[in-house]
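A closer look at the structure
Chain by chain, the residues:
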Amino acid sequence: MTPAKLADAVLAAAHALFSERGLDRAALPATTTVERPRNPEHGDYASTIALQLAKKIGLPPRELAAGLAEQLARTPGVKSVEIAGPGFLNVRLDPAAAGQLARVVVEAGREYGRSDVLAGQKVNLEFVSANPTGPVHLGHTRWAAVGDSLRRLLAAAGADVASEYYINDAGSQIDRFGRSVLAAAKGEPTPEDGYGGEYIADIARQVLAEHPAVLDLPGDEAEAVFRNEGYRLMLAEIKASLGRFAVDFDVWFSERGLHDSGAIEHALDTLRAQGHLYESEGALWLRTTDFGDDKDRVLIRGNGEKTYFAADAAYYINKRERGFEKCVYLLGADHHGYINRLRAIAACAGDDPDANIEILIGQLVNLVREGQPVRMSKRAGNVITLDELVDAVGTDAARYSLARSSTDSPLTLDIEVITRRSNDNPVFYVQYVGARTASVARNAAELGLTRGDAESFRPELLAHAKENELLKALGDYPAVVTAAAELRAPHRLAHYLEKDLAPAYHRFYDNCRILPMGDEEITDLHRARLWLNDATRTVIANGLELLGVSAPERM
RNA sequence: GCGCCCGUAGCUCAGCGGAUAGAGCAGGGGACUUCUAAUCCCAAGGCCGCAGGUUCGAAUCCUGCCGGGCGCGCCA
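What counts as what
Residues numbered from 1 in each chain as written. Chains lettered and ligands numbered in written order. Predicted model: local features only at pLDDT ≥ 70, side-chain atom pairs only at ≥ 80, totals over all residues. Heavy atoms only, no water. Salt bridge = Lys/Arg side-chain N within 4 Å of Asp/Glu carboxyl O. Helix = DSSP H or I, 4+ residues; strand = E, 2+ residues; numbered from the N terminus. Buried < 20%, exposed > 50% of the residue type's maximum accessible area, 1.4 Å probe, protein only. Domains from an automatic or database assignment. Axes fitted to C-alpha atoms, helices over the stretch in contact; angles between N-to-C directions. Parallel < 35°, antiparallel > 145°, perpendicular 65-115°, else oblique. Left-handed = near helix turned anticlockwise from the far one by under 90°. Contact = heavy atoms within 4.5 Å. Nonpolar A, V, L, I, M, F, W, Y, C, P; charged D, E, K, R; others polar. Arc of directions from axis to C-beta. Near = heavy atom within 4 Å. Polar contact = N/O pair within 3.5 Å; in protein donor to acceptor, adjacent residues only side chain to side chain.

1. Considerations on the pattern of salt bridges
- Summed over all chains, the structure comprises 38 salt bridges.
- We note a salt bridge from Asp148 to Arg152, for which the minimum N-O separation is 2.8 Å. Here Asp148 and its partner Arg152 are both found in helix α5 (residues 138-156), 4 residues apart, which amounts to about one turn of the helix.
- Exposure remark for Asp148: the relative accessible area of 0% places this residue in the buried category.
- Residue classification places Arg152 among the buried positions, given a relative accessible area of 16%.
- Residues joined in a network through salt bridges with shared partners are Asp148, Arg151, Arg152, Arg399 and Glu545.

So this is what it looks like as structure tokens:
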């Protein structure tokens, strides 16, 4: 019995009761859920449906609960239903029905937790999109970790999702980058508005190695070579860094491509047709103030140049024309001023900002080193790059520690702590469960203990309190995945693995001996516990996979 | 000034309108002759920033205030 099936049974009980008593079934919700009470005295699962319905139909909640309890108690697998407090329904399951979950999980394998609740949704997820003028640094990594996990979660919930990296390869930043690389190649100091840092010199050396005669070219041509080749090398480095971080984008989208393909003119046509363009002071404007922006935005400057904002608008319209009904942007708190203007772009294009565009603002990552805040800036020499972070702590620890907290809260990463590779890193705690389950499975195989076929599995033997808790934790997993996907909150998954599943397994392990000891004969209980062990292994592996973290067999 | 986010145990943070608000770390006390002690158990630690409101019920929703972070370009 899974929580989802029990919730269905609760709803079915409500339907049965309502038709029996001639109550208005329109008052019933389309779906309902059951909760897991913290207090074990409140049963295995609890429903608040009576409390929610009481007011709608004008019956006292406890009376309604009594009727529901009577119906629900007839459900196979339900052992008892009690009414508590103002009208909670506290449900206990038969141990056999509860224990069957281990089999459900093992048999589903990698599919356990995957669903189709978001089927049919075509979602575009854009994140990182760091300028290709420097390495990916710590300021981007939170989005790399969270965004990529979100992509995996949405896919697991059945959405048709594409992750995209928008490459700002047009405009003045990339020109400054080119001039900086050229200057480095000539051994000149960094231009006033240029990029410093070691990586510029590295790139200059690589360009020189591939084009030994480049400095003999006229200044403009040489600069173009350094700009284009430098850009190519920088982008390759960015892709490699993210690849090491287990982040791979479905689409690398070039801003220059928007300019070259005429997509910007096309976007202007779309916006003009919707009636939101006007000219003023020689510039072309989008009237974003019609839709909540605090000022109108320039699309084409007085000098004829298209603004970055024009490209943003064109990119959005392009995404929509590629069939994405939901365009999700993951931005740092320093970009929250973009919310209104991005939403206004959608509205000006004739879309519904509430339905077609979703902007997630996450707070910044603060770096502390020996008590001193470290300023993160691409222009400062002293930056921590993604590569350095991965070198120091590994992809697993880095991704996990970035994904495990809510993006609404600023995250303080202490360089001293995460580079110390200390044992108190929570990712090890979760991975350790997976390693333990794998170790038990190996030892079981050596002893000749196997789960046996599904028919011989005796789920009612999994009646120990710790087994029950573990089963319930395993049962929660699918709902955790869908909630994390729908709420765009990967940290919920990490939290579940770390605070719910992992401790439940350790307590089970400590209290319930899985393998036979010494000359002990193999019993059905050993086999049943092995099912539970392997089910845990499945969920740990599936969950860590969605976080982009490995689940080692040995540690 | 305006806008977004945050304020929960000493520290770092979970908490989907539900029952007695949770965890990790730090500090105190325990548990390894047999499956990985990177673990587990016990005790201790709280005006959920403050004040109102909404309702059967508020850490959660609404309003105001206080404190902190970030942002408000014909920059990218």
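Continuing now.
2. Some points on the domain arrangement of chain A
- Domain boundaries in chain A define domain 1 (3-93), domain 2 (172-244) and domain 3 (424-547).
- Taken over C-alpha atoms, the centre of domain 1 sits 67 Å from the centre of domain 2.

3. Re the packing of helix α16 (residues 426-447) against helix α19 (residues 524-547)
- The contact between α16 and α19 brings their axes to 9 Å, and the two run at 140°. The angle between α16 and α19 falls in the class oblique. Considering the relative orientation of α16 and α19, their crossing is left-handed. For the pair formed by α16 and α19, the contact residues are Val430, Gln431, Val433, Gly434, Thr437, Ala438, Val440, Ala441 and Ala444 on the first element and Leu530, Asn533, Asp534, Thr536, Arg537, Ile540 and Leu544 on the second.
- The residue inventory of the contact of α16 with α19, partitioned by class, reads 9 nonpolar, 5 polar and 2 charged.

4. What to know about helix α2 (residues 49-57)
- Among the residues making up α2, those that are buried are Ile49, Ala50, Leu53, Ala54 and Ile57. Looking down the long axis of α2, one finds its buried residues gathered within 125° of arc, a one-sided arrangement. Projecting away from the buried face of α2 at angles above 90 degrees are the exposed residues Lys55 and Lys56.
- For α2, the secondary structure elements touched by its buried residues are α1 (3-21), β1 (45-47), α3 (61-72) and β3 (88-93).
- Two residues or fewer after α2 comes Gly58, characterised by a positive phi angle close to 70°.

5. Considering the protein's contact with RNA strand B
- Not every one of the 61 residues close to RNA strand B is listed here, only the nearest: Gln173, Lys295, His336, Tyr338 and Arg436.
- The share of sugar and phosphate among atoms of RNA strand B within 4 Å of the protein is 60%.
- Within the contact set of RNA strand B, a phosphate oxygen lies 2.5 Å away from a side-chain nitrogen or oxygen of Tyr429.
- The contact in question runs from a sugar or linking oxygen of RNA strand B to an N or O atom on the side chain of Asn443, over 2.8 Å.
- At the level of secondary structure, the elements contributing two or more residues to the surface near RNA strand B comprise α2, β3, α6 (172-185), β8 (283-286), α16 and α18 (491-511).
- The greatest single-element share of the surface near RNA strand B, amounting to 9 residues, is contributed by α16.
- Counted by class, the surface near RNA strand B contains 24 nonpolar, 21 polar and 16 charged residues.

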